[in-house]
Amino acid sequence: PYEGLTKRLDDLAGCIDLMAIRSAEAGFDGKLDLVVLPENAVCDENAKHASERSIAFDGPVREVFRESARKHNTYIVVPLFLDEGGSFSNAAVLVDRTGEVAGIYRKAHPVLARGAATYEGGVIAGSDYLVFECDFGRLGIQICFDIHFDEGWQALSDKGAEIVAWPTQSPQTILPAARAHNGCYYLISSTWRNNASILSPTATWPHKPNPIP
């Protein structure tokens, strides 16, 4: 349940803290290179219109993830319905280790639900398939329904992506495994539901993270 922005941000920061603990327990000395949160992790999913659901990144959202990125020296993919001065998108903001914004991917294929008049309550589709230069490799991002459209995945492969983060509401694994294989990159899926996975270019499961309680 969504209990307000402050509570949600506290919960997400706590999840990142727990990831660092589990990283240490796994023998990585607490080193976190990349955190990928689920699709629309920040906002109220129950709000019907994008104008009600969307939040500006600047302000409390930016401050919380800046602090987490610096605290754990990690990159963070922060998915949210993004308000950019009255223009709304289903987006993922990449925060770098210093807490600064490294870039933003806006979902290219928002969903048009049966009987709906607008995409995801009034979002604007993105048009750029970006690859971000991170110190651990080249990172691309796709979001949920993007999984069904070839051009974004091929564009990321053509641009040399080595890892693709896929924040999603979907628990599927077979099609993401095929995307990883065809694109010759690792794919990290992140969902509130089961089956969050890291998929390798050989379309196998090298690691399936334990769910965070």
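These numbers were taken from a predicted model, which means no experiment stands behind them.

## Some thoughts on the pattern of salt bridges
Once the charged atoms of two side chains with opposite charge are near each other, the side chains can pair.
Step number 1: The tally for this structure, following the rule as stated, stands at 16 salt bridges.
Step number 2: Lys 31 is the partner of Asp 33 in a salt bridge, and the nearest nitrogen-oxygen pair spans 3.4 Å.
Step number 3: Here Lys 31 falls in the partly exposed class, since its relative accessible area comes to 48%.
Step number 4: Here Glu 100 and Arg 66 are joined by a salt bridge, their closest N and O atoms 4.0 Å apart.

## What to know about the nonpolar core
Step number 1: Leu 34, Val 77, Leu 94, Leu 139, Ile 141, Trp 153 and Leu 156 are the most contacted members of the largest nonpolar core, which has 31 residues in total.
Step number 2: In terms of residue count, strand β7 (residues 163–167) provides more of this core than any other element does, 4 residues in total.
Step number 3: Among residues more than four places away in sequence, those in contact with Trp 153 are Gln 142, Asp 146, Ile 147, Val 164, Trp 166, Arg 179, Tyr 185 and Leu 187.
Step number 4: In this structure, Val 61, Phe 81, Phe 88 and Val 123 belong to the second largest nonpolar core, which totals 28 residues.

## Some remarks on the environment of Leu 112
Step number 1: Mapped onto the secondary structure, Leu 112 falls in the loop between β4 (101–106) and β5 (131–134).
Step number 2: Judged by its relative accessible area of 44%, Leu 112 is partly exposed.
Step number 3: Placed 10 residues apart in sequence, Leu 112 and Gly 122 show a C-alpha to C-alpha distance of 9.8 Å.

Cut-offs and rules
- Residues numbered from 1 in each chain as written.
- Predicted model: local features only at pLDDT ≥ 70, side-chain atom pairs only at ≥ 80, totals over all residues.
- Heavy atoms only, no water.
- Salt bridge = Lys/Arg side-chain N within 4 Å of Asp/Glu carboxyl O.
- Buried < 20%, exposed > 50% of the residue type's maximum accessible area, 1.4 Å probe, protein only.
- Core = buried A, V, L, I, M, F, W, Y, C linked by side-chain atoms within 4.5 Å.
- Helix = DSSP H or I, 4+ residues; strand = E, 2+ residues; numbered from the N terminus.
- Contact = heavy atoms within 4.5 Å.

Limitation: the analysis is restricted to geometry and does not speak to function.
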